[in-house]
Amino acid sequence: MLTDMATTIWTRRHILSLIDFTPEEYETVLQTAASFLKVLSGRTKKVPALQGRVVANMFFEPSTRTRSSFELAAKRLSADILNFSPGNSSLTKGETILDTAKTYLAMGADIMVIRHKQAGVPQIIAQEMDRLNSGVTILNAGDGLHQHPSQALLDLFTITSVLDPDNPRLELLKGKKIVIVGDILHSRVARSNIYSLTTAGAEVHLAAPPTLLPQDFRHMVKDNSQGKLLLHWELDSALKDADFVMTLRLQKERMTANFIPSLREYHRLFGITRDRLKVCHPDVKVLHPGPTNRGVEITSDLMDDPELSLVSKQVTSGVATRMALLYLIGISNGS
Amino acid sequence: MLTDMATTIWTRRHILSLIDFTPEEYETVLQTAASFLKVLSGRTKKVPALQGRVVANMFFEPSTRTRSSFELAAKRLSADILNFSPGNSSLTKGETILDTAKTYLAMGADIMVIRHKQAGVPQIIAQEMDRLNSGVTILNAGDGLHQHPSQALLDLFTITSVLDPDNPRLELLKGKKIVIVGDILHSRVARSNIYSLTTAGAEVHLAAPPTLLPQDFRHMVKDNSQGKLLLHWELDSALKDADFVMTLRLQKERMTANFIPSLREYHRLFGITRDRLKVCHPDVKVLHPGPTNRGVEITSDLMDDPELSLVSKQVTSGVATRMALLYLIGISNGS
Amino acid sequence: MLTDMATTIWTRRHILSLIDFTPEEYETVLQTAASFLKVLSGRTKKVPALQGRVVANMFFEPSTRTRSSFELAAKRLSADILNFSPGNSSLTKGETILDTAKTYLAMGADIMVIRHKQAGVPQIIAQEMDRLNSGVTILNAGDGLHQHPSQALLDLFTITSVLDPDNPRLELLKGKKIVIVGDILHSRVARSNIYSLTTAGAEVHLAAPPTLLPQDFRHMVKDNSQGKLLLHWELDSALKDADFVMTLRLQKERMTANFIPSLREYHRLFGITRDRLKVCHPDVKVLHPGPTNRGVEITSDLMDDPELSLVSKQVTSGVATRMALLYLIGISNGS
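Residues numbered from 1 in each chain as written. Chains lettered and ligands numbered in written order. Predicted model: local features only at pLDDT ≥ 70, side-chain atom pairs only at ≥ 80, totals over all residues.

A. Structural detail: the sheet that holds strand E4 (residues 137-143) of chain B. Sheet architecture is open: four strands sit in the order E2-E1-E3-E4 (chain B), paired in parallel fashion. The sheet terminates laterally at strand E2 (80-84) and E4 of chain B, the two strands that pair on one side only. Strand-to-strand twist in this sheet, taken as the mean axis angle between neighbours without regard to direction, amounts to 15°. Pairing analysis gives five bridges linking strand E1 (residues 54-59) of chain B to strand E3 (residues 111-116) of chain B, with the strands arranged parallel. Across the sheet, residue B:Met58 finds its bridge partner in E3(B), namely B:Ile114. Each of E1 and E2 of chain B touches helix H3 (residues 65-76) of chain A; the most contacted strand, E2(B), lies at about 165° to it. (Pairing = 2+ DSSP bridges. Helix = DSSP H or I, 4+ residues; strand = E, 2+ residues; numbered from the N terminus. Axes fitted to C-alpha atoms, helices over the stretch in contact; angles between N-to-C directions. Contact = placed C-beta atoms within 7 Å.)

Next comes the structure, spelled out in structure tokens:
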């Protein structure tokens, strides 16, 4: 069932960025993720799609949440997993990142899931893998301040599933108002979401203090996009009639680096509270990529409110979406 | 075979403490562990009982021994395992423990095995999981100075299996004298063992210097218990006619904190040696939860004596007992 | 197919060192590795040979490359794997290495893959396992400056496969000139390779500065060996007409310890470059055990040249060779 649907469409080898994702690709991811969400809520929970294939989890930047999500997704697809931990690695012995990747390639890795604190590392590895005609596919699991495509795709799947659980699709977002609040400047999550949401035709509003939201974000939206991108340096105008509010994690280091005066001040101006949501659409939902600083970018009670918060749904969608991505790039490039 | 026996009886959702364990529950654990010990000594060594289920190993306090034991038990039951390592985790980014647990829940964890240096953490997570009607079951793998139920249950299985390998059961312990020696004050192993052993009708003797054995341990034994609890501040009277001697690990930090004058002094007064065991029952056996400080709480030759030491048997019993626990809470709460 | 071939021959319980490996044992490893290389390039990639068996990966000295290679090899054989990480272990609580090994034994480990920075640790554990009649087999994954047998065997498999991909065997090396260049003194890889290559009848030339190549290496070759061992304190005479050049990793600490004057000086005298290879046999190939210091012991372009460099082939051969070793010692000692 999955096979029929997907292999006829998917041709992209690597998932590095959403900048050139087509509407058809978004739709395929949404439909495939929806199928896997059904698998996950069934009895068996596993499919043999990637049996014998090796997924190398190469998290040069530590992460429990995203790594566990990809690991579980790969296990549900019956793949063999190699976990790379930079602490114990040859990198500390002076090996280059490309050499590490080529070592995993030579061991037999079919898919490499890569996170690195420096933007562009997954691309560089992908280019090298292509140059070698290796057939290996790369999945960017977050690179510096650049992109985090699997997070934006799981957000897209979460939002469209709220609007139509049986048939999540792009057109559901046409004309919807989605507000992204917080440290836009340092957020690869925001950068990836802007592409997916505007492609779907949503009206994306960014809200942050000027230090965390430079003017040049205006230019991110593509000319042919059906959606719009608007900037706000205060929260209330942004939230007006919003359908979805996506808050971002505020890294506490930002305060010491003088991007914000204090966490309390930040919370007062840009923290999401039940009260502030009153100007939104009555059915408004709140998202957060996690991990959360409760009481800073979002109040604790709001985050735990099952009527308003999609935080848990995002995590569940994450496993299904990552299964979809591993499956699509795995099957289309499979031997 | 396993299914028939166990599911008819087991109703407990979480295993957090032995304080309210019933004799019937102990018997079920013993019988199930005995069945799994047979599986482990057979050719196949694996059963498909938890296929598709996710066991999250959440060891906030590092541990190789207990984590490996639970991990192998889960693998023998064909579960998928997620290992959480606090070093790389979102906790360092300010996330709360409950948020970490809820993230694993949303990913699809069915059973969480939790160790934490603070007493009560597994209970708090269990309450939250119940409040959310999540169906997730919690297994306490050691919380602070509070409880370590799987260790006491594997000790119970080890002791009763020595007395009757074919049919380990509580009544075998009736009237047996079991001595727990060492740092009782700081031992969650001792606390859990006191409940199981007195419930089984054993006479439990605690022996330690007064600094490591406060008077209020007297009150631990329940009024309706068939067993007895007695305190000793020197070793010889405690050991007289003992059937089993359980020594505890002495953490060397205790010395610097002035609980004991010196390791040598401690060994002279409370270290278990071949010579000191002469006053015990001729068939006496020695247990230790590990890891051992050889030459401090027990002499090296005694620990390696296959006639006297049950240390290796405890480790083997550990895998079978943890399979039993994962199986019982997994099956009774299974979808 | 695999079973027929191998079990009739293999009797060695542990693989600790190549010092007493017989030609027949080398041939069996080569043939078995060749079979597994075919499995790895097929569709299924997995065999059920070690299903239900437990492989404990005990890397007391950290390593990503060798650990991942053994882990993947064990997974391809369908074994269950326990990963031991010294950072979180009982060793930090004062437990001895033998106690750690006995704990894994009692848990049910069938094969222990051991790396330790101290020479002799795998042997000591193997002796204890034999003394206990445990049936456990030990695979030395590198011990101090002593031996690294799986690396030398994968090198042997790589070299003989280049000479005859369909039938790698010892006699192919008769009269071949193989040069090992670099920090011979501190290299367990060199020590193991000297035994395998001279047993095969190759002429092994060692080349290094005198500080890294003491005279007593002359005595390593066995009297009854068909091969020869020659020492060079400069590179050009060593490389003349060489069929294979094996460079070793230069640990940068060597410089601060005054073994070499500077990395640049070392590269000028002993670094392998395209230019220097001109005196070799026209079909010369270069090997390196990795991780590499590009620009020190080998130039970057040479390492990446698919015509000259066998580095990637070594990594691929590594998985097949380790599958062969786990299989041979697993099957011959299996219940």
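So that's the structure; there's more coming.
B. View of the relation of the copies chain B and chain C. Each copy superposes on the other: chain B lies on chain C with an RMSD of 0.0 Å after a rotation of 120° and an axial shift of 0.0 Å. This pairing of chains is accounted for by a three-fold axis. (Least-squares fit on C-alpha atoms with pLDDT ≥ 70 in both.)

C. Examining the interface of chain B and chain C more closely. Counting from both sides, the interface comprises 24 residues of chain B and, opposite them, 19 residues of chain C. Counting residues per element, the ones that place at least two in the side of chain B that touches chain C are helix H3 (65-76) and helix H12 (311-332) of chain B. Considering each element in turn, the side of chain B that touches chain C owes the most residues, six residues, to H3(B). Looking at the side of chain B that touches chain C, its residues break down into six nonpolar, ten polar and eight charged. (Nonpolar A, V, L, I, M, F, W, Y, C, P; charged D, E, K, R; others polar.)

D. Main features of the confidence of the model for chain A. On average, residues of chain A carry a pLDDT of 92, and 93% of them reach 70 or more. Scored as a whole, the predicted complex attains pTM 0.94, and scored at its interfaces, ipTM 0.92. (pLDDT = per-residue confidence, 0-100.)

E. The sheet that holds strand E5 (residues 177-181) of chain A, seen in detail. Residue and element names in this part refer to chain A. In space, the five strands of this open sheet follow the order E7-E6-E5-E8-E9, with parallel pairing throughout. The open sheet is flanked by strand E7 (228-232) and strand E9 (285-287), the only strands paired with a single partner. When strand polarity is set aside, the average angle formed by the axes of neighbouring strands in this sheet is 20°. Bridge count between E5 and strand E8 (residues 244-247): four bridges; the pairing is parallel. Paired with Val 181 across the two strands is Thr 247, which belongs to E8.

F. Expanded view of the pairing of strand E4 (residues 137-143) of chain C. Residue and element names in this part refer to chain C. Within E4, seven of the seven residues are buried, which leaves it mostly tucked inside the rest of the structure. When strand E3 (residues 111-116) meets E4, the two strands line up parallel, connected through five bridges. Bridge pairing in E4 links Met 112 to Ile 138. The handedness of the E3 to E4 crossover, carried by helix H5 (residues 121-131), is right-handed. (Buried ≥ 20, exposed ≤ 12 C-beta atoms within 10 Å, placed from the backbone. Right-handed = clockwise from strand over helix to strand, strands pointing away.)

G. Expanded view of the packing of helix H2 (residues 23-41) of chain C against helix H6 (residues 149-163) of chain C. Residues and elements named next belong to chain C. Their axes nearest at 10 Å, the elements H2 and H6 cross at an angle of 70°. Our classification of the angle between H2 and H6 gives roughly perpendicular. Between H2 and H6 lies a crossing of right-handed hand. Between H2, through Tyr 26, Val 29, Leu 30 and Ala 33, and H6, the contact on the second element is made entirely by Leu 153, Leu 156, Phe 157 and Thr 160. Classifying every residue of the contact of H2 with H6 by side-chain character gives seven nonpolar, one polar and no charged. (Parallel < 35°, antiparallel > 145°, perpendicular 65-115°, else oblique. Left-handed = near helix turned anticlockwise from the far one by under 90°.)

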